[in-house]
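Coordinate analysis (summary)
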Amino acid sequence: MVNWSPKLQTAVSDLEVEYSEEPGTLYYIKYRVAGGSRSDFLTIATTRPETLFGDVAIAVHPQDERYSKYVGKMAIVPMTYGRHVPIISDKYVDKDFGTGVLKISPGHDHNDYVLARRLGLPILNVMNKDGTLNEVAGLYCGLDRFEARKKLWSDLEETDLAVKMEPHSLRVPRSQRGGEVIEPLVSKQWFVTMQPLAEKALLAVEKGELTIIPERFEKIYNHWLTNIKDWCISRQLWWGHRIPVWYIVGKDCEEEYIVARSAEEALMKARDKYGKEVEVYQDPDVLDTWFSSALWPFSTLGWPDELAEDFKRFYPTTMLETGHDILFFWVARMVMMGIEFTGTVPFSYVYLHGLIRDSQGRKMSKTLGNVIDPLDTIKEFGTDALRFTLALGTSGQDLNLSTERLTANKAFTNKLWNAGKFVLQVLPNRDNVSGWQNIEACKFNTEGYLLRLPLPECWVVSKLHMLIDAVTESYNKFFFGDVGREIYDFFWGDFADWYIEASKARIYHSGDDSVALVAQTVLLYVFENILKLLHPFMPFVTEELWQALPNRREALIISSWPQTALPRSTDLVKRFENLQALEEKEVLALLSKLDLGNIHFADSPPGMFTLNHICFGSRTKKCFAYSFH
């Protein structure tokens with residue numbers, strides 16, 4: 001029993017069938033009891049009357065007293081020229097659904113198929129592969145399944161075998177590819193027994209050999225593998241890998257077949273077994289593309305030659321990153337195949353990202369006209385802004401992509417670029433050897449050097465070191481969205497809005513070259529590390545800015561990651577953020593755009609003065625209180 005697509009003329013996987021709640025009809029039909037009077041009949045309720053030609057039995061519940069007198073007798077299948085089927089009892093029947101009488105059509109219903117196999121009932125197929133009825137349907141042969149349904153009901157009404165129709169909500173199986181109604185159909189196909197494979201894949205997660213991120217998807221993964229069914233892997237399409245099976249001309253293909261890697265090998269095996277005059281032909285079916293895809297982690301690396309250099313170097317890999325919607329289609333199947341054929345889980349981590357939806361949370365489709373073309377988006381907002389927007393999503397959760405998000409992150413990209421321009425402007429010229437020697441001599445990896453810095457410099461470097469630790473920890477946990485937000489907040493709120501403005505007081509107004517040098521050194525140090533942290537998100541603008549920095553001898557992409565556990569002074573950070581920066585009068589005057597000579601600082605506001613608050617650093621909303629004449 002497979003899911004058959006009459007339009008595509010192929011079997012499809014259970015996972016490629018989508019069920020939708022749709023209004024339908026429940027048809028009530030009389031099945032007369034053979035040998036009885038006209039009042040002896042059973043009424044069945046079905047949503048697919050055209051399948052009655054494939055009925056092999058009528059079943060009632062053993063405890064349903066309404067029909068107990070008919071059990072063991074025969075019923076006449078309507079419109080079949082008097083074909084008889086047994087009336088049986090079975091606990092599977094739901095006596096409260098419809099009339100409590102079940103027609104068993106094992107050739108066209110998954111549940112009926114299982115029931116018929118258990119009870120030893122025959123299987124009748126009444127449908128051709130194109131969705132028309134076959135010769136078993138008698139006068140209805142050649143009619144499309146839905147046309148046959150209408151004609152059959154009309155004929156049942158004329159013969160007084162139609163009882164009634166009533167509205168009924170249906171779970172309609174539709175093809176994920178084409179949207180047509182899928183037909184359950186008995187067909188000869190190739191299957192893979194899944195339970196032994198699933199058990200190993202479940203054990204890999206249980207033992208910690210495989211970690212799924214976010215963790216909540218482990219329950220979904222486990223539930224699917226625990227309840228997995230055998231997998232129909234053959235497809236009647238003209239793309240995909242041909243099934244590596246050859247049949248012997250003139251012999252029963254179910255009894256005699258050869259599995260080989262090539263036609264030449266198949267012919268050689270056939271001749272060894274059947275003689276030199278034998279002829280073979282390959283199975284015309286192809287493998288389900290998800291079966292072929294399941295082999296990808298190792299088949300692309302030289303397997304089955306496990307001594308191949310690529311296989312030894314790259315298998316298994318560390319992480320697979322993919323959408324949560326193909327956890328079953330692809331991920332679980334790669335895990336099962338990897339363990340089965342190589343003995344090893346193909347990757348240690350599975351990172352599941354969300355799907356990109358429109359601003360209203362709808363799935364993008366041509367029908368809705370809400371598809372966002374990434375190339376058009378890049379032209380308008382830039383590649384880095386788009387990448388950064390997508391990366392800020394939370395793992396496993398869908399992201400609503402809106403122009404507001406893109407506009408905000410385009411502004412962030414511009415802010416980064418302008419900050420880089422400022423840093424480049426205030427650094428010494430490239431030919432200023434002594435200036436660069438002094439800058440490169442400054443090392444921020446010791447607590448002693450850090451504590452000798454002025455308060456604003458000590459504050460921003462400490463905050464940077466705290467950021468590096470937080471970002472590194474988030475990267476290690478694969479919290480990429482958190483990484484982006486942490487860097488965004490530090491760069492815009494602390495570095496751009498605060499420290500860059502504060503550095504101008506040192507560079508332009510201090511009158512002291514040593515003070516300016518400290519500010520230049522801190523600007524460069526902090527900005528370099530910001531570029532490193534942001535590079536995975538914004539590779540283009542960060543690389544461009546990095547290459548513009550003096551004395552850059554290598555590309556940013558291969559530069560060393562910022563060192564973690566660097567010194568920081570949390571006490572000085574608190575002092576700076578608790579208004580102690582009032583000690584830095586020049587910085588305060590510059591940020592508040594006031595004349596330092598006309599400002600009077602006091603420990604508390606005298607009664608004759610008016611207390612005012614001036615805010616600057618709009619994103620951090622920090623304020624200093626001061627009084628003035």
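Structure report, in brief.

Cut-offs applied
- Residues numbered from 1 in each chain as written.
- Predicted model: local features only at pLDDT ≥ 70, side-chain atom pairs only at ≥ 80, totals over all residues.
- Heavy atoms only, no water.
- Pairing = 2+ DSSP bridges.
- Helix = DSSP H or I, 4+ residues; strand = E, 2+ residues; numbered from the N terminus.
- Axes fitted to C-alpha atoms, helices over the stretch in contact; angles between N-to-C directions.
- Contact = heavy atoms within 4.5 Å.
- Salt bridge = Lys/Arg side-chain N within 4 Å of Asp/Glu carboxyl O.
- Buried < 20%, exposed > 50% of the residue type's maximum accessible area, 1.4 Å probe, protein only.
- Polar contact = N/O pair within 3.5 Å; in protein donor to acceptor, adjacent residues only side chain to side chain.
- Parallel < 35°, antiparallel > 145°, perpendicular 65-115°, else oblique.
- Left-handed = near helix turned anticlockwise from the far one by under 90°.
- Nonpolar A, V, L, I, M, F, W, Y, C, P; charged D, E, K, R; others polar.
- Core = buried A, V, L, I, M, F, W, Y, C linked by side-chain atoms within 4.5 Å.

Some details on the sheet that holds strand 5 (residues 57-60)
Backbone-to-backbone hydrogen bonds pair the strands of a sheet. The strands run either parallel or antiparallel. The mixed open sheet is built from four strands, whose spatial order is 6-7-5-8. Each edge of the open sheet is held by one strand with a lone partner, namely strand 6 (74-76) and strand 8 (101-104). Recorded for the sheet is a direction-independent mean angle of 35° between the axes of neighbouring strands. Looking at chain direction, strand 5 and strand 8 are connected through four bridges and run antiparallel. Along strand 8, the bridge assignment pairs V60 with V101. Taken strand by strand, helix 1 (residues 110-119) contacts strand 7 (84-89) and strand 8, and its axis lies near 85° from that of strand 8.

Focus: the pattern of salt bridges
For the coordinates displayed, the defined rule picks out 28 salt bridges. Taking the shortest distance from any N to any O, the salt bridge between E21 and R171 comes out at 4.0 Å. Of the two residues, E21 sits in strand 3 (residues 17-32) while R171 sits in strand 9 (residues 162-175), which places them 150 residues apart along the sequence. We classify R171 as exposed; its relative accessible area is 53%. With a shortest N-O distance of 3.9 Å, K415 and D497 are connected by a salt bridge. On the criterion of sequence distance, the pair formed by K415 in helix 12 (residues 403-426) and D497 in helix 16 (residues 480-509) is long-range, its members being 82 residues apart. K415 sits in the partly exposed class, given a relative accessible area of 27%. Accessibility expressed as a relative area gives 13% for D497, which makes it buried. Salt bridges here are not isolated pairs; linked through shared partners, they connect E16, R177, R235 and D288.

Here we look at the side chain of D64
Among the structural elements, D64 can be located in the loop between strand 5 and strand 6. Of note is the side chain of D64, whose polar atom sits 2.7 Å from the side chain of R66. Among residues more than four places away in sequence, those in contact with D64 are K95 and G100.

A closer look at the sheet that holds strand 16 (residues 257-259)
Read across the open sheet, the three strands follow the order 16-15-17; overall the sheet is antiparallel. In this open sheet, the two strands that pair with only one neighbour each are strand 16 and strand 17 (280-282). Strand-to-strand twist of the sheet, defined as the mean angle between neighbouring strand axes without regard to direction, takes the value 30°. Looking at chain direction, strand 15 (residues 245-248) and strand 17 are connected through three bridges and run antiparallel. Across the sheet, Y247 pairs through a bridge with Y281, a residue of strand 17.

Considerations on the packing of helix 4 (residues 217-226) against helix 9 (residues 327-342)
It is the contact of helix 4 with helix 9, at a shortest axis distance of 11 Å, that shows an interaxial angle of 75°. As the angle between them shows, helix 4 and helix 9 are arranged roughly perpendicular. For the pair formed by helix 4 and helix 9, the contact residues are F217, I220, Y221, W224 and L225 on the first element and L327, F328, A332, R333, V335 and M336 on the second.

Description of unusual backbone geometry
The amide bond that connects I213 to the next residue, P214, takes the cis arrangement and shows omega of 0°. Tracing the backbone through its elements, the reader meets P214 in the loop between strand 12 (211-213) and helix 4. Here the residue pair Y315 and P316 is connected by a cis peptide bond, since its omega of -5° sits within 30 degrees of zero. Summarising the element assignment, P316 is placed in the loop between helix 8 (309-314) and strand 19 (317-323). Within the chain, M79 stands out as a residue other than glycine whose phi angle is a positive 60°. Looking at the element boundaries, M79 is found in the loop between strand 6 and strand 7. Owing to a relative accessible area of 26%, M79 belongs among the partly exposed residues under this scheme.

Section: the packing of helix 17 (residues 513-534) against helix 18 (residues 539-548)
Two measures define how a pair of helices packs: the angle their axes make with one another and the distance between the axes. Look at helix 17 against helix 18: their axes get within 9 Å of each other, and the N-to-C directions meet at 150°. As the angle between them shows, helix 17 and helix 18 are arranged roughly antiparallel. You can see that helix 17 and helix 18 cross each other, and the crossing is left-handed. Each of F527, E528, L531, K532 and L534 in helix 17 lies in contact with helix 18, whose residues at this interface are T542, L545 and W546. Taken together, the residues that form the contact of helix 17 with helix 18 break down as five nonpolar, one polar and two charged.

Some points on the environment of V60
Position of V60 relative to the elements: it lies in strand 5. A relative accessible area of 1% places V60 in the buried class. Between the alpha carbons of V60 and G100 there is a distance of 6.4 Å; along the sequence they are 40 residues apart. Look past the residues within four positions of V60 in its chain and what remains in contact with it is Y67, V71, I88, S89, D90, V93, G100 and V101.

Focus on the nonpolar core
L416, V460, V461, F491, F495, Y499 and V526 are the most contacted members of the largest nonpolar core, which totals 59 residues. Every element with two or more residues in this core is listed here: helix 12, helix 13 (433-441), helix 14 (447-451), helix 15 (455-476), helix 16, helix 17 and helix 18. In contact with Y499, not counting residues within four places along its chain, are P456, E457, W459, V460, D494, A519, V522 and L523. Grouped together as the second largest cluster of nonpolar side chains are 45 residues, Y221, Y247, L295 and F298 included.

Take it as geometry only, folks, not as evidence of what the structure does.
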